[in-house]
Amino acid sequence: MFGSDAAEVAKTIESPTMRRQSVGEFLHMGVVLGNKTLFDELHRTSFDGYLTADEVGDLDRFIYDEQEMDYVGELADRMQRAIQRRSRQPGKKGLLLSAGYDSRTLLSQFSEIEHCYTVGRPNAQEVKVARRLAKQYDVDHTTLVTNDRYIMPGEQKVRDTNGIKESIHIHHAGYNNDIEVDTMYHGLLFDTLLRGFGHKRSEIELFGKTLPLKRMEVDIDPTEASLDNFGYIPDKSQIVAEQYTDDLDAAGKFVRNAIANEFDRCWSRTDSEQNALSLFSISNQPTIPFRTHLADNYLESFIAADSELLEWHLQTPPEYRNTATFIRAIRQLDGDLFRHRPPDRPYMSTLLSEVERFARRKVPFMKNFEPAWPDRKQVYDKYNLDQRLFPHHESIHNLPPRHKLRINDMVGWVAQCSKTAVNPTDVLYLQTDDGGADGISSEN
């Protein structure tokens, strides 16, 4: 049995068992790595892989092969063609717009876009800049006001995770009734494929903050370099681990071992550590449910995965796959693109922006830069989600909100695959030594 909806396929398993390793990865990183799923009996085809009636295997399309070219000019031309190819989508067209570089690029190039949507508080810095951008390009704008709909994991939202990635990345999921378009555009994975997210650059300590430099790091520990590419938050994971072990570094050891065991898959497609880091991030990308939900509700185009842009990614050396190259390319598309700067990047120079960030933290009466996304903890507490999601599981109430939502994602997804529910506390304690070598039955 096979299909693109993991929950539907999982329903055909007579007595599924939860895989301990997968639960731990989801709990601490927000993603199940590699080809695993939450169930021992359910598997995935590999990244760039294929499925036949008799076997699964790997294709060789996504192979790094660095070439010499005009990296800026090629990126600009290919991006323009990728956008033009998708300009003829039918119906009313919308865009999920942030204040960042990626979605504003699409806004500047798609004259057919009729409406933009931004999730957040109406007076938030991110929303204000997005609103100015929409006005600059004469497009209607709607703020999807942050409330419990932003964070509450409904059945469809959880189902779109396929039980392998957390639902928090589907920022727009609760607002379908407020979105009145047929086609929806977005800038998902522009940062990963075109701007070098996942690479390891040399760093310096400045004002108590670690800043990346332009030059690439030479001596790399792939495991340590990958820790920040997922939803692993060391101090928060330690709080979770304290619930089931006395080892204060249990979560860190688990995450490092999980990454190290999976990272070896990358070497068949590249012999470069930097490219391997990028591939590892792409093939285990935790934000994909964002796109899955859009594709289930609107006509959607994954522009960053356009074949020409993927080819540019594979042929461009890591030292040129960065934000500086991207900015130079999109300036060729529209020289007026930066009339309204992102709120947390008031200068083109990263260093100058960080200096101002430091000054805002230290100087009295200066307001700090606001984060791009609403405060999850604030929303979680305001709408009393402990009592709504875990009314009979007080041991879970003391965990960080991000991890509580991951537990709820797993519980909710399993509930859609089985006639019986998984106990949230059992999911948490599956990490203990007595949790069972093969996981716990979905009937527990």
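Residues numbered from 1 in each chain as written. Predicted model: local features only at pLDDT ≥ 70, side-chain atom pairs only at ≥ 80, totals over all residues. Heavy atoms only, no water.

Asker: Please explain the side chain of glutamate 166 as it appears in this structure.
Answerer: Its location among the elements puts glutamate 166 in the loop between α7 (155–159) and β6 (183–185). One polar contact links glutamate 166 to arginine 406, side chain to side chain, over a distance of 3.0 Å. Ignoring anything within four residues of it in the chain, the contact list for glutamate 166 reads Phe26, Met29, Gly30, Thr161, Pro289, Arg402, Arg406 and Asp409. (Helix = DSSP H or I, 4+ residues; strand = E, 2+ residues; numbered from the N terminus. Polar contact = N/O pair within 3.5 Å; in protein donor to acceptor, adjacent residues only side chain to side chain. Contact = heavy atoms within 4.5 Å.)

Asker: Is there a simple way to explain a negative patch on the surface in this structure?
Answerer: On the surface, Asp65, Glu66, Asp271 and Glu319 cluster together to form a negatively charged patch. Mapping glutamate 319 onto the fold places it in the loop between α14 (307–315) and α15 (323–333). (Patch = residues over 30% accessible without salt bridge, like charges linked within 9 Å, V, L, I, M, F, W, Y side chains within 5 Å. Areas by Shrake-Rupley, 256 points an atom, 1.4 Å probe, with all protein chains shown as cover. Salt bridge = Lys/Arg side-chain N within 4 Å of Asp/Glu carboxyl O. Lys, Arg positive; Asp, Glu negative; His and termini not counted. Charge placed at Lys NZ, Arg CZ, Asp CG, Glu CD.)

Asker: What is the right way to look at the sheet that holds β6 in this model?
Answerer: Note on sheets: strands pair through backbone hydrogen bonds, and any given pair is parallel or antiparallel. The five strands are arranged β5-β4-β3-β6-β9 in an open sheet whose pairing can be described as parallel. This sheet does not close on itself; its edge strands, each paired only once, are β5 (140–145) and β9 (299–300). The pairing of β6 with β9 spans two bridges and is classified as parallel. Counted as the bridge partner of methionine 184 is glutamate 300 from β9. (Pairing = 2+ DSSP bridges.)

Asker: Which parts of the structure should I look at to understand the confidence of the model for the chain?
Answerer: Do not read the fine detail of predicted coordinates wherever pLDDT is low. Residues of the chain with pLDDT of at least 70 account for 95%, and the chain-wide mean is 90. Looking at the elements of the chain, mean pLDDT is at its lowest for helix α16 (residues 350–362), recorded as 71, and at its highest for α14, recorded as 98. pLDDT under 50 marks residues 435–444. Its contacts with residues more than four places away, or in other chains, come to 31 contacts. (pLDDT = per-residue confidence, 0-100.)

Asker: What is the right way to read helix α20 (residues 401–415) from this model?
Answerer: An α-helix turns once every 3.6 residues. As a result, residues three or four positions apart point the same way. Taking 1.5 Å per residue as the helical rise, α20 with its 15 residues ought to reach 21 Å, and the 21 Å between its terminal C-alpha atoms agrees with that figure. The buried fraction of α20 is high, at 13 of 15 residues. (Expected span 1.5 Å × (residues − 1). Buried < 20%, exposed > 50% of the residue type's maximum accessible area, 1.4 Å probe, protein only.)

Asker: Whenever I open this one, unusual backbone geometry confuses me. Can you help?
Answerer: Generally, phi is negative for residues other than glycine and the peptide bonds are trans, each holding for most cases. The phi dihedral of aspartate 48 is positive, around 55 degrees, even though this residue is not glycine. Topologically, aspartate 48 is positioned in the loop between α2 (20–29) and β1 (49–51). Assessed through its relative accessible area of 10%, aspartate 48 is described here as buried. Residue asparagine 384 is not a glycine yet carries a positive backbone phi of 50 degrees.

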